[in-house]
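The chain contents come next:
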Amino acid sequence: MSDIDNNNLENTTNNGEYGADQIQILEGLEAVRRRPGMYIGSTSARGLHHLVYEIVDNAVDEALAGYCTTIDVTINPDNSITVIDDGRGIPVDINKKKGISSVEVVFTILHAGGKFGGGGYKVSGGLHGVGASVVNALSEWLEVIVEKEGRKYFQRYEKGKATERLKDIGSSDRRGTTVTFLPDKSIFEETVYDYSTLKQRLREMAFLTKGLKIILNDRREGIEQTKEFHYEGGIKEYVQYLNRSQVSLYPEIIYCEGQKGNVYVEVAMQHNDGYNESCYSFVNNITTPEGGTHYTGFKNALTKAFNDYARNMKLWKEKKKNLSGADSR
Ligand code: TTJ
């Protein structure tokens, strides 16, 4: 067996016997190809677009860590996707436990990289939070370039299998990670990317990560276009955007942020003259359409703030008067 053959999708060690680690790894990526819906929700257009979000999430994490300023996403003419960041670059050192580069670990081992038993630095969630190895497993091919410390490294995979080890392919004067992948046509029912679907989600990601610049490019013939999202105000600008065609009751956007332990909270709001409230809550950059304790807590605090103020300012004629939560919103 060649060195290249003995990668993570093989369930034998060099002497032909099963290794416990490798069996686990084998089950990992083969399971993804066998039951893709379990990992990305569906193999429809939704799942297809989810692949992009999984890759972009990794770059957003690097931005949240403070090392990445720009993420560039391109739909290529063949419907492959390229994501480029200017972060520190995935580590290229050899992972002692696995005997392969950290880059290869990220792309071939299920859940590697933080959220599940890894380094614990992952903040950006992803709808299913399964990571780059799932995208790799569900791609006809995937290529990664890491540029750091003056060097440029490259590796290619096909259906999740490395076709070669990570190799140094020359010098570089930039820093960052570039990933290009082509979703596997034998797995997805839909393989054509929709520009506006990506645009919407990338805009939301940019609003939720203040200061981060996200660029979307469509390079397909006849429909070439590009769009840039960059909001220094973050969710404050999001509220401004949501109220863009409403009549607001006051000019400012109320904004507050705070941290307790390792939980960081941000709120932005502005009342408008409409009767429908539109409140959006997120946890780890993922929308929580059914709310949760974070949203309930905010609503209770808002109602209390209104009623405390009214009482202190003696705005009520009757003694026991109170605004309802819905009224305060
Ligand atoms: C991990 O900790 C050491 C310094 O580098 C960190 C890291 O992995 N950074 C990182 C990963 N930046 N960008 C990525 C990344 C970017 C893309 C587009 C895709 C993937 C899988 C990772």
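Since the model is a prediction, treat every value here as computed from it, not as a measurement. (Residues numbered from 1 in each chain as written. Predicted model: local features only at pLDDT ≥ 70, side-chain atom pairs only at ≥ 80, totals over all residues. Heavy atoms only, no water.)

> Is there a simple way to think about the packing of aromatic side chains in this case?
For any pair of aromatic rings, the description consists of the separation of the ring centres together with the inter-plane angle of the planes. One pass over the structure, following the stated rule, counts five aromatic pairs. Here the aromatic rings of phenylalanine 207 and tyrosine 238 are separated by 4.5 Å at their centres, their planes lie at 5°, and the arrangement is stacked. You can see phenylalanine 207 sitting in helix H6 (residues 195–208) and its partner tyrosine 238 sitting in helix H7 (residues 235–242), a full 31 residues away along the chain. Each of the two residues, phenylalanine 207 as well as tyrosine 238, counts as buried. Centre to centre, the rings of phenylalanine 207 and tyrosine 241 are 5.3 Å apart; their planes meet at 45°, and the pair counts as tilted. One end of the pair, phenylalanine 207, is in helix H6; the other, tyrosine 241, is in helix H7, with 34 residues separating them in the sequence. Exposure remark for phenylalanine 207: the relative accessible area of 2% places this residue in the buried category. Using a relative accessible area of 24% as the deciding quantity, one classes tyrosine 241 as partly exposed. Cation over ring: arginine 201 sits above tyrosine 53, and NZ or CZ is 5.8 Å from the ring centre. (Phe/Tyr/Trp six-rings, centres within 6.5 Å; stacked < 30°, edge-to-face > 60°. Helix = DSSP H or I, 4+ residues; strand = E, 2+ residues; numbered from the N terminus. Buried < 20%, exposed > 50% of the residue type's maximum accessible area, 1.4 Å probe, protein only. Lys NZ or Arg CZ within 6 Å of the ring centre and 35° of its normal.)

> Explain the site of the ligand here, please?
Around the ligand, 13 residues are found, and the nearest of them are Asn58, Glu62, Asp85, Arg88 and Gly89. In the environment of the ligand, a nitrogen atom lies 2.6 Å from a nitrogen or oxygen atom belonging to the side chain of aspartate 85. Those elements that provide at least two residues to the shell around the ligand are helix H3 (45–64), strand E2 (81–85) and strand E9 (176–183). The biggest single contributor to the shell around the ligand is H3, with three residues. The residue inventory of the shell around the ligand, partitioned by class, reads seven nonpolar, three polar and three charged. (Near = heavy atom within 4 Å. Polar contact = N/O pair within 3.5 Å; in protein donor to acceptor, adjacent residues only side chain to side chain. Nonpolar A, V, L, I, M, F, W, Y, C, P; charged D, E, K, R; others polar.)

> Would you mind showing me how to read the side chain of aspartate 218 here?
Relative to the assigned elements, aspartate 218 resides in strand E10 (residues 213–218). Within polar-contact distance, the side chain of aspartate 218 engages the side chain of arginine 220 at 2.8 Å. With residues up to four places along the chain from it excluded, the contact list for aspartate 218 reads Ile75, Tyr195, Ile223, Glu224 and Gln225. (Contact = heavy atoms within 4.5 Å.)

> Please clarify how the nonpolar core should be interpreted in this entry.
A general tendency of soluble globular proteins is for nonpolar side chains to be buried together. Counting residues in hydrophobic clusters, the biggest one holds 58 residues, and the most contacted among them are Ile71, Phe107 and Phe181. With nine residues, the top contributor of residues to this core is H3. In this structure, phenylalanine 107 is in contact with Leu29, Ile90, Ala132, Ser133, Asn136, Leu142, Val144, Tyr157 and Val179, ignoring residues within four places of it in sequence. (Core = buried A, V, L, I, M, F, W, Y, C linked by side-chain atoms within 4.5 Å.)

> What is the right way to read the confidence of the model for the protein from this model?
As a note on interpretation, predicted positions should not be read in detail where pLDDT is low. When pLDDT is averaged across the protein, the result is 88; 86% of the residues are at 70 or more. A low-confidence stretch, residues 1–16 stays under pLDDT 50, and its non-local contacts, those more than four residues away or across chains, total 40 contacts. A low-confidence stretch, residues 112–121 stays under pLDDT 50, and its non-local contacts, those more than four residues away or across chains, total 12 contacts. (pLDDT = per-residue confidence, 0-100.)

> When you look at the pattern of salt bridges in this model, what are you seeing that I'm missing?
Tallied over the entire structure, the rule returns 16 salt bridges. For glutamate 140, the salt bridge goes to lysine 185, with nearest N and O atoms at 3.5 Å. Pair noted here: glutamate 140 is in strand E5 (residues 139–148) and lysine 185 is in the loop between E9 and H6, with a separation of 45 residues, a long-range link. Close ionic contact of glutamate 158 with arginine 156 constitutes a salt bridge, the shortest N to O distance being 3.1 Å. Several salt bridges converge on common partners, so that one network encompasses Glu143, Arg156 and Glu158. (Salt bridge = Lys/Arg side-chain N within 4 Å of Asp/Glu carboxyl O.)

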